[in-house]
Amino acid sequence: MQQYNKAAPHPNKCSQFIHPYIPSCHLSLPLPSFSLSIKTTKQNETKPSHIPFTAAHLGFSSMTIDPYIVGSVVVSLLGFLLFSTLAKSMRTRSEEQSDVVEKTKVGRRSGEEEKEEDAAEVIIVGAGVAGAALAHTLGKEGRRVHVIERDLTEPDRIVGELLQPGGYLKLIELGLEDCVENIDAQRVLGYALFKDGKNTRLSYPLEKFHSDVAGRSFHNGRFIQRMREKAASLPNVRLEQGTVTSLLEENGTIKGVQYKTKSGQELKAYAPLTIVCDGCFSNLRRSLCEPKVEVPSHFVGLVLENCQLPFSNHGHVILADPSPILFYPISSTEVRCLVDVPGQKLPSIANGEMASYLKSTVAPQVPPEVYDPFVAAVDKGNIRTMPNRSMPAAPHPTPGALLMGDAFNMRHPLTGGGMTVALSDIVVLRNLLRPLHDLSDAASLCKHLESFYTLRKPVASTINTLAGALYKVFSSSPDRARKEMRQACFDYLSLGGVFSTGPVALLSGLNPRPLSLVAHFFAVAIYGVGRLLLPYPSPDRFLIGARLISAASGIIFPIIKAEGVRQMFFPATVPAYYRAPVDQ
């Protein structure tokens, strides 16, 4: 290597360091000089205020640098910086995407869980007495309930206004007893029976119960609205106004319902269990049972204002001709009157035939205390009618669905037992469903619910049979044996003691035992035969007595047969009776 002359530098002389692979390319670069103040000056320039420090002090005046080396270094630095920037950007973006994916998964999972939690377990069609009470009961049990009711405004009906003491006890058991408060409901302590100017008072046997236990009479609509409000107060019960048009069936299992909302929108709702409680005019029952509906008579309803009944806090039954007349209070100032008119055809209200019939045929048979209010109510013109329907329970056990209330089973409303049967059924169903935490197994649920139809029978069939039998006994007939039966029933109940408390306990739902019903019914028939034969029996009287027994059998046995002899009297022999749910 040639040494540079420190004394006489040659800035224009090329360096002898030549790249062996590029022999023809040289670059001579002057090295800058620095002063102590770190200011750059040109070569050979001096300033008196600075001490120059140049490359000559290092022993060489200039240096030749290969441009490819410089370019490689610069490109490497830029590449490194670019790679670092890209790597950091990609790492940040990956972390952000991971966070988004995780949040999306969590959100989707939360949404699915929320959707699953919000899905109804039970759909109830109808929010009358049975539907509203059932919605509150299942809601209290923790079930998610969706109730679809055709009209959520207050109903205005002329029946469903008298709750027997047995029904009130069921109301207490369901936690709904406060629904008869603040609606001006009246306590009912028994019945007064009138026939041919005579009367007898039949009190409920309430001595063994709390002082608050009694019957209740009220406006049906007010009572229903109170139960709807109580059901809707539960967070897991949803009440919706809509008309259910059909049940959704898949492979023989009911999956839900199709309904039309108040705005006319067609929607579908799904649940493991659908309970149809849409009343006596149900359009859904045909797929779930064999409806054999009979209409033996109609009720003509009136409201008597400022009327004092002969016996306060009692229902009044007049054994009139051709059929019974009922009076009972529905508020502190109103009395409901229901006139039973047999047959399918009613006198016309529009042309005044009904008013004329009520004044000429019915009014002379009512007690004197209610005659003037009765005529005033007829003159006022607010006359309502309703068919009295009877339908024994004949279900088709269907997976995923159940019938309840008047959609399932009806009896003549003479005895006021419909609400008692419905509330009793709800207690049975609640107890059956309570151990079942998962209702999605339709086949297993159906087997368990088959026992519902058996377990309800003792109470329901007793009240149903009594209602049908009493209506036929209390109605007038040209047959002498039937007349004797009617008179015997009035006299038997007038005896008091066990002869009145026993039948009234059956009527009130306090002692719904089928065997007790049959015993008292035939005791009345035998009592009637005894009246005929004493004191002087005769062949004619023996014949009438035999016909009386035959008539009594002809009244009660067909009703028992329709209800089901085995389920009514021997429920323990039915296999479904033992299909109790097991804890899951």
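A short tour of the structure in this document, coming up.

1. Let's talk about the sheet that holds strand E13 (residues 237–250)
- Taken in spatial order, the 7 strands of this open sheet run E15-E14-E13-E7-E6-E16-E22, and their pairing is mixed. Each having just a single partner strand, strand E15 (266–270) and strand E22 (401–403) make up the two edges of the open sheet. On average, each strand axis in the sheet is tilted by 35 degrees relative to the strand beside it, whichever way the strands run.
- Looking at chain direction, strand E7 (residues 145–149) and E13 are connected through 5 bridges and run parallel. The residue of E13 that forms the bridge with Val145 is Val237.
- Sheet strands touched by helix H8 (residues 442–455): strand E14 (253–261), strand E16 (273–276) and E22. Its angle to E22, the strand with the most contacts, is close to 15 degrees.

2. What to know about the nonpolar core
- Core analysis: the largest hydrophobic core is formed by 67 residues, its most contacted members being Phe223 and Ile275.
- Ranked by residue count, the leading element in this core is helix H7 (residues 418–433), at 9 residues.
- Apart from the residues within four sequence positions on either side, Ile275 is in contact with Val122, Ile123, Ile124, Val125, Leu134, Leu138, Leu402, Met404 and Leu429.
- Of all hydrophobic cores here, the second largest spans 57 residues; its members include Leu338, Met391, Phe474 and Tyr492.

3. Details of the layout of surface pockets
- Of the pockets and cavities examined, the second largest pocket occupies roughly 450 Å³.
- Along the wall of the second largest pocket there are 20 residues; nearest its centre are Glu294, Ser390, Gly468, Lys472 and Ile559.
- Sorting the residues of the lining of the second largest pocket by element identifies strand E17 (294–305), helix H9 (457–474) and helix H13 (539–563) as the ones contributing at least two each.
- Element by element, the count of residues in the lining of the second largest pocket is highest for H9, at 5 residues.
- Split into classes, the residues belonging to the lining of the second largest pocket amount to 9 nonpolar, 5 polar and 6 charged.

4. Points about the sheet that holds strand E12 (residues 215–217)
- Read across the sheet, 3 strands follow the order E8-E12-E9 without closing on themselves; strand pairing throughout is antiparallel. In the strand order of this sheet, the two ends are held by strand E8 (162–163) and strand E9 (186–188), each with one partner.
- Direction of pairing for E8 relative to E12: antiparallel, over a ladder of 2 bridges. Bridge pairing in E12 places Leu162 opposite Ser217.

5. Here's the deal with unusual backbone geometry
- Across the junction of Asp321 and Pro322, the peptide omega takes the value 20 degrees, indicating a cis bond.
- Here Pro322 shows up in the loop between strand E18 (315–318) and strand E19 (325–329).
- The residue after Leu534, namely Pro535, is reached through a cis peptide bond having omega 0 degrees.
- Its place among the elements puts Pro535 in the loop between helix H12 (514–533) and H13.
- Phi angles above zero are rare outside glycine, and Asn182 is one such case at about 60 degrees.
- Tracing the backbone shows Asn182 in the loop between helix H3 (165–173) and E9.

About the cut-offs
Sequence order sets the numbering: in each chain, residues are counted from 1 along the sequence as written. Local features in this predicted model are restricted to residues of pLDDT 70 or higher, and side-chain atom pairs are both shown and tallied only at a pLDDT of 80 or more, whereas totals for entire chains, interfaces and linings draw on every residue. Only heavy atoms go into the side-chain values, all of them from the structure, while hydrogens and water stay out. Between any two strands, at least two bridges found by DSSP are needed for them to pair. Each helix is a run of DSSP H or I of at least 4 residues and each strand a run of E of at least 2, with the numbering of both proceeding from the N terminus. Orientation is described by axes fitted as lines to C-alpha atoms, over the contacting stretch for helices, and by angles from 0 to 180 degrees between their N-to-C directions. We call two residues in contact whenever any of their non-hydrogen atoms come within 4.5 Å of each other. Residues belong to one nonpolar core when they are buried, are Ala, Val, Leu, Ile, Met, Phe, Trp, Tyr or Cys, and are joined through side-chain atoms within 4.5 Å. Residue exposure (1.4 Å probe, protein chains only): buried if accessible area is under 20% of the type maximum, exposed if over 50%, otherwise partly exposed. Of the two site types, the cavity is a set of points on a 1 Å grid over the protein atoms alone where a 1.4 Å probe fits but cannot get out, and the pocket is an open set with protein on both sides within 12 Å along at least five of seven lines, each lined by residues with an atom within 4 Å of a point. Grid points are joined across faces, edges and corners, and a volume is the space filled by probe spheres set on the points. Residue polarity follows a fixed list, in which Ala, Val, Leu, Ile, Met, Phe, Trp, Tyr, Cys and Pro are nonpolar, Asp, Glu, Lys and Arg are charged, and the others, Gly among them, are polar.

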